[in-house]
Amino acid sequence: MVASKRLNILALIGFVACVIFNVFMTYREYLLKGGNDYLVYDPCVYLPIILEGACVFYLASNISIKGNWLKIIKLVSGCTLGLFLISDFVMGVTQFIYRILCMKGIPAIISIVIYEVIIFMIGFVATLIMKKIPGLKKLL
C-alpha cells in the first residue's frame, strides 16, 4: 500500500512537471514566432506529452469511484467516440459564440474555455440523442 501511494505521488509530480515544462515550451515557441503564425506547440513527437498521458493513465487506474460519480463517468465515457466524431462539426457551426465572447471583452483564454464547455455540452447531448437511434447505438 505504501509503495502504491508513493507511485501515485510520483505520477502526480511527474504529470505536473510535464505540464509546467510544456507550458514553458509553448510560451517560448510563442515568443520565438512573435505571436505571428502561431497555432500550437507541436507535441506530436514530444516525450513529455507521452509521460503526461502515462501518469494520468496510472493515476486513473488506481482510483476507486463509487455511487453517482461512477454513473456520471460511465455515461460520459460512453459518449466519447460520438463526441470525437461530431466535435469538428459542432465547432464549425458554433464559431460565432467564441467571437461574441471575445467581443464582449472576455479575455481570450477564458472565452476559449467557455467555448470548449459549450462544444462539449452540445456534442454530449447530440451523442446521447444519437445513441437512442437503434442503428447508431451500436456504433457509438
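Computed from a prediction, not measured in an experiment: that's the story for all the values here.

Undergrad: In this structure, what is going on with the overall build of the chain? I would like to understand it.
TA: Counting its secondary structure elements, the chain contains seven helices and zero strands. Counting helices and strands in the order they occur from the N terminus, the chain gives α-α-α-α-α-α-α. Taken over 140 residues, the chain has a buried fraction of 19%. In the chain, once contacts between residues fewer than 6 apart in sequence are set aside, the share between residues at least 24 apart is 64%. Only carbon and sulfur atoms are counted for the fraction: they give 74% of the accessible area of the chain, which is about 10,700 Å².

Undergrad: Help me understand the environment of V90, please; the structure alone is not making it clear to me.
TA: Inspection of the secondary structure puts V90 in helix α4 (residues 80-93). We classify V90 as buried; its relative accessible area is 6%. Each C-alpha atom of the pair V90 and I119 lies 6.3 Å from the other, and the pair is 29 residues apart in sequence. With near-sequence residues (within four places) excluded, V90 lies in contact with I119 and I122.

Undergrad: Which parts of the structure should I look at to understand the packing of helix α5 (residues 95-103) against helix α6 (residues 108-130)?
TA: Between two packed helices, the angle of one axis relative to the other and the distance separating the axes together describe the packing. α6 packs onto α5 with a crossing angle of 150 degrees between their chain directions and a minimal axis gap of 9 Å. Judged by the angle between their axes, α5 and α6 are roughly antiparallel. In terms of crossing hand, the pair formed by α5 and α6 is right-handed. In this structure, α5 contributes Q95, I97, Y98, L101 and C102 to the contact, and α6 contributes A108, S111, I112, I114, Y115 and I118. For the contact of α5 with α6, the residue count by class is nine nonpolar, two polar and no charged.

Parameters and conventions
- Residues numbered from 1 in each chain as written.
- Predicted model: local features only at pLDDT ≥ 70, side-chain atom pairs only at ≥ 80, totals over all residues.
- Heavy atoms only, no water.
- Helix = DSSP H or I, 4+ residues; strand = E, 2+ residues; numbered from the N terminus.
- Buried < 20%, exposed > 50% of the residue type's maximum accessible area, 1.4 Å probe, protein only.
- Contact = heavy atoms within 4.5 Å.
- Areas by Shrake-Rupley, 256 points an atom, 1.4 Å probe, with all protein chains shown as cover.
- Axes fitted to C-alpha atoms, helices over the stretch in contact; angles between N-to-C directions.
- Parallel < 35°, antiparallel > 145°, perpendicular 65-115°, else oblique.
- Left-handed = near helix turned anticlockwise from the far one by under 90°.
- Nonpolar A, V, L, I, M, F, W, Y, C, P; charged D, E, K, R; others polar.

These results come straight from atomic positions and should not be treated as a statement about function.
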